[in-house]
Amino acid sequence: MTASHSASVDGGRATGGLVTNVLVANRGEIARRVFATCRRMGLGTVAVYSDADAAAPHVAEADAAVRLPGNTPAETYLRAELIIEAALAAGADAVHPGYGFLSENAGFAKAVQAAGLTWIGPPVEAIEQMGSKVASKKLMDAAGVPVLAELDPAEVTDAHLPVLIKASAGGGGRGMRVVRELAELRPQIEAARREAESAFGDPTVFCERYLETGRHIEVQVLADEHGTIWSVGERECSIQRRHQKVVEEAPSPLVQRIPGMRKRLFEAARLAAGAIGYTGAGTVEFLADEAGDFFFLEMNTRLQVEHPVTECTTGLDLVRWQLDIAAGGHLPAEPPVMHGHSIEVRLYAEDPAQDWQPQSGQVHRLAIPLVAKEFDLLNRPGVRLDTGVVDGSVVGVHYDPMLAKVISYGESRGEAARLLAAALQRAEIHGLVTNRDLLVRVLRHPAFLAGDTDTAFFATHGLDTLAAPLASEADEALSIVAAALADAAANRKTAKVGGGLPSGWRNLPAQPQRKSYESRVSGIHEVAYRFGRSAVTVEGHAGLAVLEATPDRVVLAVPGARGAVRRQFDIARYGDLVCVDSPLGPVAVRRLPRFSDPADQVATGSLLAPMPGSVIRLGAAVGSQVVQGQPILWLEAMKMEHTIAAPAAGVLTALNVTVGQQVDIGAVLAVVEPAPESQ
């Protein structure tokens, strides 16, 4: 918080001690974010946790923590009565809902207040009015806010296509489907209902016209109990996957470009908040076109995931303001003026190149360079990190696979993009496949830098290109050479006989030593190298000089047209996983054993589980003929449905699972063999 605003906040804070101990009814990054502000304000903190989160950082950081037995959201973070019992047991006098889970559940807010606890959020009536996207659109339309017309699913015709199915409760892309063919409408509605029920406990969905391209613009509002309503600033969140935001920034390049658009947006947002008697922090979301016209989408009656970019460009701690307003504090008459530019990216454990397939497992290392602050405001150019994981954390299948939010602030948009891309490229992220390379490519893309960021960004510029590894094929090969030399150094260091010899050369010419690695991108690489009297030579890399080779660092002199270039590679290993970090781009490979076990071979045509999950539906029976891409079964994992489809046309000869069965990653779910006539 800047000095100019800290005085106004302190002057407006209620001093009656109404809030002294805050329970956060959430997990991970947002729980840690709220705790950070509470600590800065001298408030006590209480965490709740599922069995899967028992070792999570937010649990260790709280003053007190209460277990919610079970693993799934339905068993734990969606159980209002258990959370209220936890608050009372731990001596909390206030509840902050975070985002997701019960954050926009009016019944939960009402129960919190009925228990004598302070609700760090808007009035129950406001949540109820905005909780149904169907009802909220009608209310906004009546208030004069421009809206897109709702469509009754039963009345959708070819003339309406494409349409967007949306969950009436909640957000985050869950329960959302785009339908372009009428025959797909009913199955997609049913899938959206199941997903919405799983994520939010409410299966209600509706349809609206789908705009293939558009700009997702939202306005942060703050309102106190004394009639003051601020439109604090806008954010652009147009770059999305599966209708979930990936890159967010403030201010919006579109709004910056169109005269008068910010004034109209701010007025519409204040109108929306005033129409429902809103108090606290909230976000009014709009879909805009390139001409600057916009339509109301929804109002999120909570803190948004992307709130840090507003904090960095206004100097406001939005969580602190939530606490102040809940305690009866006053907003000054005018909001602060935005300054500079801030960009946030969501770092996910997922594989964009494989249809955004979520990943699960252990995060061996997560280290972002250039980080100046964690969970705090940036008052000069730099990088902020908000994360719910640390080295050793396990990403499970029950919750969203977001690892971290990485946020930059710069005096200009170009500076913010440059800082963020550099921090991500140099980050050490070991253990899981992530969307890091995609994020860096987006931040450096000419269209992004020009501010051309509509909701079709990935389709327009090619997901295959944007998701390509940062390391080129040649750079990956060089990194694998470094991995082999580091492994050789590690072997020498631990050898019982001759361990620690500096070079390993022999008097007589020797056969090259060989090591093999598998890259998920380019397949199997074999590195052949030979130790000589004064140097190490690597086959296929003429002129390459090894300047240093230790178990965790290799320095090479790489020949080029204008002379050799010194390159440094940092190596970390976790079992057979070898991670190589360098300015050329991160590379992760699996070390292959010298001899393979036949028992480890998987039959051709096997469909493997891409992640741990639960089988929720079967699409074909054993013996049936299937076509390429035909759904064989559906898995539920990380609050989303995932289709397991036939890799080629053939016959389903084995189906090894049943509905409701839990499966592990890599499990053989089914086998599709070529049809006899196609053999």
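Reading the values: rules and limits
Residues numbered from 1 in each chain as written. Predicted model: local features only at pLDDT ≥ 70, side-chain atom pairs only at ≥ 80, totals over all residues. Heavy atoms only, no water. UniProt positions renumbered as here; feature names shortened; annotations may be inferred. Helix = DSSP H or I, 4+ residues; strand = E, 2+ residues; numbered from the N terminus. Rg over C-alpha atoms; globule rule 2.2 N^0.38 Å. Buried < 20%, exposed > 50% of the residue type's maximum accessible area, 1.4 Å probe, protein only. Areas by Shrake-Rupley, 256 points an atom, 1.4 Å probe, with all protein chains shown as cover. Lys, Arg positive; Asp, Glu negative; His and termini not counted. Charge placed at Lys NZ, Arg CZ, Asp CG, Glu CD. 1 Å grid on protein atoms, 1.4 Å probe; cavity = no way out; pocket = protein on both sides within 12 Å on 5 of 7 lines; lining within 4 Å. Points joined across faces, edges and corners; volume = space filled by probe spheres on them. Nonpolar A, V, L, I, M, F, W, Y, C, P; charged D, E, K, R; others polar. Pairing = 2+ DSSP bridges. Contact = heavy atoms within 4.5 Å. Axes fitted to C-alpha atoms, helices over the stretch in contact; angles between N-to-C directions. Parallel < 35°, antiparallel > 145°, perpendicular 65-115°, else oblique. Left-handed = near helix turned anticlockwise from the far one by under 90°. Phe/Tyr/Trp six-rings, centres within 6.5 Å; stacked < 30°, edge-to-face > 60°. Salt bridge = Lys/Arg side-chain N within 4 Å of Asp/Glu carboxyl O.

- For the chain, an unreviewed UniProt entry supplies the name Propionyl-CoA carboxylase alpha chain and the organism Nocardia goodfellowii.
- According to UniProt, the comment filed for the chain under the heading Catalytic activity (unreviewed entry) is "N(6)-biotinyl-L-lysyl-[protein] + hydrogencarbonate + ATP = N(6)-carboxybiotinyl-L-lysyl-[protein] + ADP + phosphate + H(+)".

## Some words on the overall build of the chain
Stage number 1. In terms of regular secondary structure, the chain is built from 18 helices and 40 strands.
Stage number 2. Computed over C-alpha atoms, the radius of gyration of the chain comes to 27 Å, within 12% of the 26 Å expected from 2.2 N^0.38 for 679 residues, which places it in the range of a compact globule.
Stage number 3. Principal axes of the C-alpha set define a box for the chain whose edges measure 90 × 65 × 55 Å.
Stage number 4. Taken across its 679 residues, the chain has 54% of its residues classed as buried.
Stage number 5. Roughly 27900 Å² of accessible area belongs to the chain as shown, and the carbon and sulfur atoms make up 51% of that amount.
Stage number 6. The average position of the 63 basic charges and that of the 79 acidic charges among the side chains of the chain differ by 7 Å.

## Observations concerning empty space enclosed by the protein
Stage number 1. Applying the stated rule across the entire model yields three cavities of 30 Å³ or more.
Stage number 2. Put simply, the largest cavity is a space of about 100 Å³.
Stage number 3. Every residue along the wall of the largest cavity is listed here: R174, R241, R242, Q244, E350, W356, P358, D400, P401, M638, M640 and H642.
Stage number 4. Here the residues of the lining of the largest cavity are counted per class, giving five nonpolar, two polar and five charged.
Stage number 5. Surrounding the second largest cavity, H96, P97, G98, S103, I120, G121, P122, A281, T301, R302, L303 and Q322 form its lining.
Stage number 6. Across the lining of the second largest cavity, the residue classes break down as five nonpolar, six polar and one charged.

## Section: the sheet that holds strand β36 (residues 631–637)
Stage number 1. Spatial ordering of the open sheet is given by β37-β36-β34-β39, a layout of four strands whose pairing is antiparallel. Across the chains shown, the open sheet's two edge strands, defined by having one partner strand only, are β37 (640–645) and β39 (662–663).
Stage number 2. Bridge count between β36 and β37: six bridges; the pairing is antiparallel. Counterpart to A637 in the pairing with β37 is M640.
Stage number 3. The strands touched by helix α8 (residues 185–200) within the sheet are β34 (613–618), β36 and β37, with β37 carrying the most contacts at an inclination of about 135 degrees.

## What about the side chain of T310?
Stage number 1. By the element assignment, T310 lies in helix α11 (residues 307–314).
Stage number 2. Discounting residues that sit within four places of it in the chain, T310 has contacts with Q220, V232, R235 and L318.

## Structural notes on the sheet that holds strand β4 (residues 94–96)
Stage number 1. Ordered by their spatial adjacency, five strands build an open sheet running β3-β2-β1-β4-β5, and the pairing between neighbours is parallel. A single partner strand is all that each edge strand has here, and the edge strands are β3 (64–67) and β5 (118–119).
Stage number 2. In this sheet, strand β2 (residues 44–49) lies alongside strand β1 (residues 21–24) in parallel orientation, the contact comprising four bridges. If you follow V22 over to β2, its bridge partner there is T45.
Stage number 3. Each of β1, β2, β3 and β4 touches helix α4 (residues 80–90); the most contacted strand, β1, lies at about 155 degrees to it.

## Describing the pairing of strand β32 (residues 587–591)
Stage number 1. Of the pairings in the sheet, the one linking strand β25 (residues 513–519) to β32 comprises two bridges and is antiparallel in character. Paired with E518 across the bridge in β32 is R590.
Stage number 2. Summarising the sheet, strand β31 (residues 577–581) and β32 pair through four bridges and their orientation is antiparallel. Paired with V578 across the strands is V589, a residue of β32.

## Concerning the packing of helix α2 (residues 28–41) against helix α12 (residues 318–326)
Stage number 1. Contact geometry of α2 with α12 gives a least axis separation of 9 Å together with a crossing angle of 65 degrees. In terms of axis orientation, α2 runs roughly perpendicular to α12. Pair α2 / α12 crosses with right-handed handedness. Side by side, α2 and α12 meet where R33, V34, T37, C38 and M41 of the first sit next to L318, V319, R320, L323 and D324 of the second.
Stage number 2. Considered class by class, the residues forming the contact of α2 with α12 number six nonpolar, one polar and three charged.

## Some details on the pairing of strand β28 (residues 545–550)
Stage number 1. One ladder, built from five bridges, connects β28 with strand β29 (residues 553–558); its direction is antiparallel. Bridging across to β29, V546 finds its partner in L556.
Stage number 2. Linkage of β28 to β29, two consecutive antiparallel strands, is achieved through a turn of two residues.

## Points about the packing of helix α13 (residues 413–425) against helix α14 (residues 436–443)
Stage number 1. Running from N to C, α13 and α14 point in directions that differ by 155 degrees, and their axes come no closer than 9 Å. The orientation of α13 with respect to α14, classified from their angle, is roughly antiparallel. Regarding α13 and α14, the two cross each other, and that crossing is left-handed. In this structure, α13 contributes A417, L420, A421, L424 and Q425 to the contact, and α14 contributes R436, L439, V440 and L443.
Stage number 2. Split into classes, the residues belonging to the contact of α13 with α14 amount to seven nonpolar, one polar and one charged.

## Let's talk about the side chain of E311
Stage number 1. Its place among the elements puts E311 in helix α11.
Stage number 2. Not counting residues within four places of it along the chain, the set of residues in contact with E311 comprises R33, L316, D317, L318, V319, L377 and R384.

## Examining the packing of aromatic side chains
Stage number 1. A full pass over the atoms with the stated rule returns eight aromatic pairs.
Stage number 2. Taking the centre distance of 5.8 Å and the plane angle of 65 degrees together, the rings of W230 and W321 count as edge-to-face. Here the residue W230 occupies a position in strand β11 (residues 229–241), and W321 occupies one in helix α12, the gap between them amounting to 91 residues.
Stage number 3. For W321, a relative accessible area of 1% translates into the label buried.

## Some remarks on the pattern of salt bridges
Stage number 1. The tally for this structure, following the rule as stated, stands at 42 salt bridges.
Stage number 2. Residues R257 and E290 are paired through a salt bridge, measuring 2.9 Å at the closest nitrogen-oxygen approach. With R257 in helix α9 (residues 253–257) and E290 in the loop between β13 (280–288) and β14 (294–300), this pair connects stretches of sequence that are 33 residues apart.
Stage number 3. Of the residues examined, R257 reaches a relative accessible area of 42% and is grouped as partly exposed.
Stage number 4. With its nearest N and O atoms 3.0 Å apart, the salt bridge here joins D487 to R591. Highlighted residues: D487 in helix α18 (residues 473–494) and R591 in strand β32, separated in sequence by 104 residues.
Stage number 5. Through salt bridges with shared partners, a single network forms among R33, R40, E311, D317, D376, R384 and D386.

## So, the layout of surface pockets
Stage number 1. Empty space within the second largest pocket amounts to approximately 1500 Å³.
Stage number 2. V433, S519, R520, V521 and A588 are, among the 48 residues lining the second largest pocket, the residues nearest its centre.
Stage number 3. Listed by contribution, the elements that provide at least two residues to the lining of the second largest pocket are β24 (428–430), α14, α18, β25, β31 and β32.
Stage number 4. The element contributing the most residues to the lining of the second largest pocket is β32, with five residues.
Stage number 5. Per-class residue counts for the lining of the second largest pocket are 24 nonpolar, 12 polar and 12 charged.

## Quick look at the environment of P332
Stage number 1. Secondary-structure assignment places P332 in the loop between α12 and β15 (341–348).
Stage number 2. Using a relative accessible area of 25% as the deciding quantity, one classes P332 as partly exposed.
Stage number 3. C-alpha separation for the pair P332 and A648, spaced 316 residues apart in sequence, amounts to 64 Å.

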